[in-house]
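Analysis of the macromolecular model
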Protein chains: 4
Amino acid sequence: MAGSQFGNIFRLTSYGESHGVGIGGVIEGIPAGFELDIDEIQDELNRRRPGQSHITTSRDEADKVEILSGLIDGKTTGTPLGFIVKNKDQHSSDYDHLKEAYRPSHADKTYEDKYGIRDHRGGGRSSARETIARVVAGAIAKQFLLDLGVRFSTYVDQVGTIKLEDNSFFLKEAIEANNVRCPDEHISGRMEKLIEEVRNEGDTIGGAIRCVIMHTPAGIGEPVFDKLHAELVKAFEYGSGFNAVEMKGSKHNDLFDEDGTTHTNHSGGIQGGISNGMPIYFRVGFKPVATIMKDQESIDKNGDKIVITGKGRHDPCVVPRAVPIVEAMAAMVIFDMYLRSKVSKW
Amino acid sequence: MAGSQFGNIFRLTSYGESHGVGIGGVIEGIPAGFELDIDEIQDELNRRRPGQSHITTSRDEADKVEILSGLIDGKTTGTPLGFIVKNKDQHSSDYDHLKEAYRPSHADKTYEDKYGIRDHRGGGRSSARETIARVVAGAIAKQFLLDLGVRFSTYVDQVGTIKLEDNSFFLKEAIEANNVRCPDEHISGRMEKLIEEVRNEGDTIGGAIRCVIMHTPAGIGEPVFDKLHAELVKAFEYGSGFNAVEMKGSKHNDLFDEDGTTHTNHSGGIQGGISNGMPIYFRVGFKPVATIMKDQESIDKNGDKIVITGKGRHDPCVVPRAVPIVEAMAAMVIFDMYLRSKVSKW
Amino acid sequence: MAGSQFGNIFRLTSYGESHGVGIGGVIEGIPAGFELDIDEIQDELNRRRPGQSHITTSRDEADKVEILSGLIDGKTTGTPLGFIVKNKDQHSSDYDHLKEAYRPSHADKTYEDKYGIRDHRGGGRSSARETIARVVAGAIAKQFLLDLGVRFSTYVDQVGTIKLEDNSFFLKEAIEANNVRCPDEHISGRMEKLIEEVRNEGDTIGGAIRCVIMHTPAGIGEPVFDKLHAELVKAFEYGSGFNAVEMKGSKHNDLFDEDGTTHTNHSGGIQGGISNGMPIYFRVGFKPVATIMKDQESIDKNGDKIVITGKGRHDPCVVPRAVPIVEAMAAMVIFDMYLRSKVSKW
Amino acid sequence: MAGSQFGNIFRLTSYGESHGVGIGGVIEGIPAGFELDIDEIQDELNRRRPGQSHITTSRDEADKVEILSGLIDGKTTGTPLGFIVKNKDQHSSDYDHLKEAYRPSHADKTYEDKYGIRDHRGGGRSSARETIARVVAGAIAKQFLLDLGVRFSTYVDQVGTIKLEDNSFFLKEAIEANNVRCPDEHISGRMEKLIEEVRNEGDTIGGAIRCVIMHTPAGIGEPVFDKLHAELVKAFEYGSGFNAVEMKGSKHNDLFDEDGTTHTNHSGGIQGGISNGMPIYFRVGFKPVATIMKDQESIDKNGDKIVITGKGRHDPCVVPRAVPIVEAMAAMVIFDMYLRSKVSKW
């Protein structure tokens, strides 16, 4: 964790650790007078929740959102919306052996380097549970965006070396039809099998998620899509991405039609940092989860060699559960940009 | 262009268009009492400058920095440092034919969508000249970081399909030894040849830059490395990057030595968003420049079909000149994080 | 309510309405490794609490703070500290008659002008209960400042026309010895009598608070002391305040002694926006509470004349309870400035 | 100087010292497509300029604004507007004797306490010349506000003990009819005489300014009016101000008429931090200028006693020239709040 704030006008400030009271936040800049659907927010949390299928961690976290302010009679009042998702089903004692130990490729040592102290239980603030706050804020942003006609399609397009070579806008039904959240039945089956194999080895595997956004109004903001959870994300590309490196300008340029749309969309819907009305799409690469169920050599606080035995309940592959997180982040950015764009002209 | 601010404590606010009076900015948060080397700042601008070799654009922009405030007797006073780099050698009339036209894959149309008005001369605010302000701020940040022992190695590692398969820390002499700023003599020769070929076709080509940073103190900030110039950057990865997607956790995890260093460095020097003292490295992918010297179909303001003929003087490949920009951005982020880290413990 | 954020490095983001779930917030930028005294925070809330004496409102609000994150084993971890003070003893039905009515000199009409909707129960977000979040954050800031040797003396120095003509640093015991929190026994007695009289008339009365801060280190920040609760504060002065208007420079200037202290302290400890090590002092004027127990003419949503009858339980004079709020705000500002000053020199 | 930023959406970042190259800034958030009147900006600078009458300092500073970006064909483009007002007619050698000396009630010592270094020439960054940047930004904000129908009346209402007991909205012609910028011919004559007397004594005198703003739309923002130049402002009050302290609620409350206006306006046009459409008015108290032409005892860097002899050319009373500054600050705040209010409802 580092920046705990996200956004400008539509702005989330989050707090909370994995094994503390809960994960929560304050959302400022929600326009007043909008009827918020709390069930929709809960649905997004359920998609992020551990324990939802046999290929995710077996922790069963209810992750129920409580809204603490900012609503009257179900409508937004324009004032800050506070919320909390209380922690449950914590096995803090699973982490007792880590009080003095530094796990490889976790934030244990860097937090102590920076703060001189850390909450060792479940990763503390660096836990992926911090993304709960983003899912809540994103679910709210998405309700406003849906009202504007914006539509999202977010899905797993790679697990290990198994890749979906199709970057279409898939319907939610197809994405949610399987545990991996990959909309191709055949490929998702292979992905699921790989995840199971990896888990049986006590290991983990990386993956990637694609997000396609339709009907963003042209002329809004700078979708920087930064600040994805730093613990897991290693790479980001939008539009043509790293493929652009090998292309010539004459092929990469998106030629206009008379109606202002473009033949190709290598720009990924963004030109000069501003939306052009074409589909926005980007892709995020996730590293394999650092917690594995195999013994690993490591060191403790004193720099002495120790052996870490994998404990706790963790995901063998994070991308199926990260789909709603990526979508939430995208929704937050686009809605913030939309609000900012409303004061750009006189 | 969108956000014109960058950083928190060490913060740049920039302004200026390609064909206006100049590009400038205000830098806040520079610690007081430091002897600033203005020649060093100028050297970085010279590395970014057009017209420096036969494979870059033939525009000859002196790009001389003028410091307007914040210094006394050559030392920083802790107050805002204003600066300007005046524009010269502008051929604004080269752009007259673009007043009504929208060039493909430029920000012409999106700026009009957002603002209803635009400065059509040389790309206006969306011009890559805006990066001048970042180079100045980065050059200042780098002087403080050098004082702390931090060292940078930034170089071109790919042009089209020609790639340097070596991510070492190369010395500046090797990088600056050729026009491409790729530290391998043989590969840089092939890259240069490709750029010349592409230019002779009136075309452009993409590329990628790698940045390796040594001796960053452990325990600082969240190097998000966001906000690279949105016009050209399409992709970003740090540490193992997109390769992590295909790896298992047991291979990806960086095991500790007794001294707190790690055997491998897939984390890229950053764990949980905080530096761990290992080399930080990342890679940025650039699309081919959109302005080509070939005729292209496009549309004008009224949506009528037109043909755009390439005019003006532009780079066939942007990466050789983008090396100091990438390094400047990295320096700004790390120095800002360093300053923020100084208040993280009691 | 308006800005829900306060501070830069040490930063509070607050939320909550008078009759919702509670008042809470997130505090970022708390240095790690500090043993926080939760009882001290509770003590400050108790000083702000309604129902603490017969001259305050008879609402009995327990106002118990719950810390939700940011601590381990009682020590700060450097991560955001979330907290909530749940609302209790709400008589929301007391406000049913106000759903359509606009009370004079309240924020009822302006909130509807701005947001088109409002939480009419107990003032909603514009309620003075919002200050609870500031008291919590200020109590935390004060613990760090005490550790640095900074000392606060905050007290009522005027109620109606009864004024304490002494701006010394009084001890907390003297301030807390009576219900008014005016450290002069005789004057506080007269103030208390006036408040009782005013209450018996169903009316309210204004007042003023003075804050004196000793041992602030020289050379820190810009104590702007802005953003006091906009609903009640009408005036602010520091150092010589409005008296300076009538003074000549030769009299107003604070001459130095050899040790860098000054003979007089018309500057109020602040010169050029930076502390000089002398006592900082300022004064805040509060308007009389708008809710009175008398009938008042007003209008409803349709612009029709109505008569408002005072209901609910309110303070006849707000200053005794506002003492800890003013002190909390001062502590927040000074601690934030202190943290910012730590990166001002190289 | 401390915060060099002002505003949120409409945001000024300023730089520059009294005897450096100039005073300038960057203004972000100016809506696109507005025809800016540069002469109007210059007129406001002329009103602030020294040397404009025999009762102000005899320094003749042309203070000509140069716009560096953000305009095309005289219209705003929505991109940052950079500007500079170059310094002229500097007598830096007038300040040589101050290199080692600390003047009483200036920021000399506090700047050294904070930064360990300072620009001693003409006050450096703490000079009142810094307000030039605010006048430019305020003049731009005012042009937009005039377009919305908002009108300002800002004038001197007190010099020493001579006070204008009338807080009406006076026309600019009446305000500008005399050197003091007090709209009452008789009182301004007495003020002018007092200022002359004080100057002949080599002394200075305090003063106060009132600002009345008509036709602000109801329902916008939180006019905090903070951050007035910290060097000179000692006190601030809006609406009934410190007089409210002595009033009862039954008298202070502003009763509504059927049209939503109020009989009285003790609220000063602001309720709960939000405009109610009634005139906004506030008052600012200025201390006497610290630089006097009399000998004063002081200390140098080593803490040794010295005698400071007044040199340089300074105002005996700052308020006549501060009128456009106060008005500029008010315009900046109100325009920023106006822009923010445009995204408050769905």
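What this report covers is the structure whose coordinates are included nearby. (Residues numbered from 1 in each chain as written. Chains lettered and ligands numbered in written order. Predicted model: local features only at pLDDT ≥ 70, side-chain atom pairs only at ≥ 80, totals over all residues. Heavy atoms only, no water.)

1. Considering the relation of the copies chain C and chain B
Superposing chain C onto chain B requires a rotation of 180° together with a translation of 0.0 Å along the rotation axis, leaving an RMSD of 0.0 Å. The operation mapping one copy onto its partner corresponds to a two-fold rotation axis. Closest to the rotation axis within chain C is the C-alpha of Lys342(C), separated from it by 3.7 Å. (Least-squares fit on C-alpha atoms with pLDDT ≥ 70 in both.)

2. Details of the sheet that holds strand β1 (residues 5-6) of chain D
All names here are of chain D. Sheet architecture is open: five strands sit in the order β1-β2-β3-β7-β4, paired in antiparallel fashion. The outermost strands of the open sheet, each flanked by one partner alone, are β1 and β4 (65-67). Alignment of β4 against strand β7 (residues 81-86), held across three bridges, turns out to be antiparallel. Bridge pairing in β7 links Val 65 to Val 85. Where helix α3 (residues 131-148) meets the sheet, its contacts fall on β2 (11-16), β3 (22-28), β4 and β7, and the angle it forms with β3 comes to roughly 35°. (Pairing = 2+ DSSP bridges. Helix = DSSP H or I, 4+ residues; strand = E, 2+ residues; numbered from the N terminus. Contact = heavy atoms within 4.5 Å. Axes fitted to C-alpha atoms, helices over the stretch in contact; angles between N-to-C directions.)

3. Focus: the relation of the copies chain C and chain D
When chain C is fitted to chain D, the best match, at an RMSD of 0.0 Å, comes from turning it 180° and sliding it 0.0 Å along the axis. A high fraction, 100%, of the interface residues of chain C reappear at the interface in chain D, so the copies pair face to face through one surface.

4. Overview of the environment of Arg321(D)
With respect to the element layout, Arg321(D) can be found in helix α7 (residues 319-341). Spatially, the C-alpha atoms of Arg321(D) and Tyr95(D) are 23 Å apart, while their sequence positions differ by 226 residues.

5. Observations regarding a negative patch on the surface
All names here are of chain A. Residues Glu 35, Asp 37, Asp 39, Glu 40 and Asp 43 make up a contiguous surface patch of negative charge. With respect to the secondary-structure elements, Asp 39 resides in helix α1 (residues 38-48). Here Asp 39 falls in the exposed class, since its relative accessible area comes to 58%. (Patch = residues over 30% accessible without salt bridge, like charges linked within 9 Å, V, L, I, M, F, W, Y side chains within 5 Å. Areas by Shrake-Rupley, 256 points an atom, 1.4 Å probe, with all protein chains shown as cover. Salt bridge = Lys/Arg side-chain N within 4 Å of Asp/Glu carboxyl O. Lys, Arg positive; Asp, Glu negative; His and termini not counted. Charge placed at Lys NZ, Arg CZ, Asp CG, Glu CD. Buried < 20%, exposed > 50% of the residue type's maximum accessible area, 1.4 Å probe, protein only.)

6. Thoughts on the interface of chain C and chain D
If you look at the interface, chain C gives 87 residues, while chain D gives 88 residues. Around 6,900 Å² of area is buried between chain C and chain D when both sides are counted, 58% of it from carbon and sulfur atoms. Summed over the shared surface of chain C and chain D, the result is two salt bridges. We note a salt bridge from Lys248(D) to Glu201(C), for which the minimum N-O separation is 2.9 Å. (Buried area = accessible area lost by both parts, 1.4 Å probe.)

7. Some thoughts on the packing of aromatic side chains
All names here are of chain D. Scanning the model with the defined rule gives 24 aromatic pairs over all chains in all. Between the aromatic rings of Tyr 155 and Phe 170, the centroid separation amounts to 5.0 Å while the plane-to-plane angle is 90°, which identifies the pairing as edge-to-face. You can see Tyr 155 sitting in strand β9 (residues 151-159) and its partner Phe 170 sitting in the loop between β10 (162-163) and α4 (172-176), a full 15 residues away along the chain. (Phe/Tyr/Trp six-rings, centres within 6.5 Å; stacked < 30°, edge-to-face > 60°.)

8. Considerations on helix α5 (residues 185-200) of chain D
Residues and elements named next belong to chain D. Over its 16 residues, α5 runs 23 Å from end to end, which matches the ideal 22 Å to within 8%, given 1.5 Å per residue. Along α5, the residues classified as buried are Ile 187, Ser 188, Met 191, Glu 192, Leu 194, Ile 195 and Val 198. Across the axial projection of α5, the buried residues extend over an arc of 165°, all falling on one side. Relative to its buried face, α5 has exposed residues pointing more than 90 degrees away, namely Glu 185, His 186, Lys 193 and Asn 200. Elements that come into contact with the buried residues of α5 comprise β9, β10 and α7. The N-capping residue of α5, defined by a side-chain oxygen 2.9 Å from the backbone nitrogen of His 186, is Asp 184. Positioned one or two residues after α5, Gly 202 has a phi angle of 75°, which is positive. (Expected span 1.5 Å × (residues − 1). Arc of directions from axis to C-beta. Polar contact = N/O pair within 3.5 Å; in protein donor to acceptor, adjacent residues only side chain to side chain.)

9. Describing the pattern of salt bridges
Pairing is possible between side chains that carry opposite charge, provided their charged atoms lie close to one another. Residues and elements named next belong to chain A. Counted by the stated rule, this structure contains 76 salt bridges over all chains. One salt bridge in this structure joins Arg 47 and Glu 176, with 2.5 Å as the shortest N-O distance. With Arg 47 in helix α1 and Glu 176 in helix α4 (residues 172-176), this pair connects stretches of sequence that are 129 residues apart. The buried category is assigned to Arg 47, whose relative accessible area is 7%. One network of salt bridges, in which partners are shared, links Glu 44, Arg 47, Lys 142, Lys 172, Glu 176, Arg 181 and Glu 327.

10. A short note on the sheet that holds strand β10 (residues 162-163) of chain C
Strand pairing in a sheet takes place through backbone hydrogen bonds and is either antiparallel or parallel in direction. Spatial strand order, β10(C)-β9(C)-β11(C)-β15(C)-β12(C)-β12(D)-β15(D)-β11(D)-β9(D)-β10(D): 10 strands in an open sheet with antiparallel pairing. Taken across any chain shown, the strands that pair with only one partner, and hence form the sheet edges, are β10 of chain C together with β10 of chain D. As judged from the two bridges shared by strand β9 (residues 151-159) of chain C and β10(C), these two strands associate in the antiparallel manner. Looking at β10(C), one finds that Val159(C) is bridged to Ile162(C). Contacting β9, β11 (207-214) and β15 (280-286) of chain C, helix α7 (residues 319-341) of chain C crosses the sheet at an angle of about 140° to β9(C). The sheet contacts of α5(D) involve β9 and β10 of chain D, and relative to β9(D) the element is tilted by about 55°.

11. Notes on the interface of chain C and chain B
Counting residues at the interface gives 15 residues for chain C and 15 residues for chain B. In total, about 1,300 Å² of surface goes out of reach between chain C and chain B, with carbon and sulfur atoms giving 68% of it. Considering only the side of chain C, the residues that lose the most area to chain B are Lys342(C), Val343(C) and Trp346(C), jointly responsible for 55% of the buried surface there. The interface formed by chain C and chain B holds zero salt bridges in total. For the pair chain C and chain B, the number of links is zero residue pairs in polar contact (both at pLDDT 80 or more). Class assignment for the residues of the side of chain C that touches chain B results in 11 nonpolar, one polar and three charged. (Nonpolar A, V, L, I, M, F, W, Y, C, P; charged D, E, K, R; others polar.)

12. Points about the environment of Tyr155(C)
Given the relative accessible area of 0%, Tyr155(C) is considered buried. Expressed as a C-alpha distance, the spacing of Tyr155(C) and Phe170(C), which sit 15 residues apart in the sequence, is 8.2 Å.

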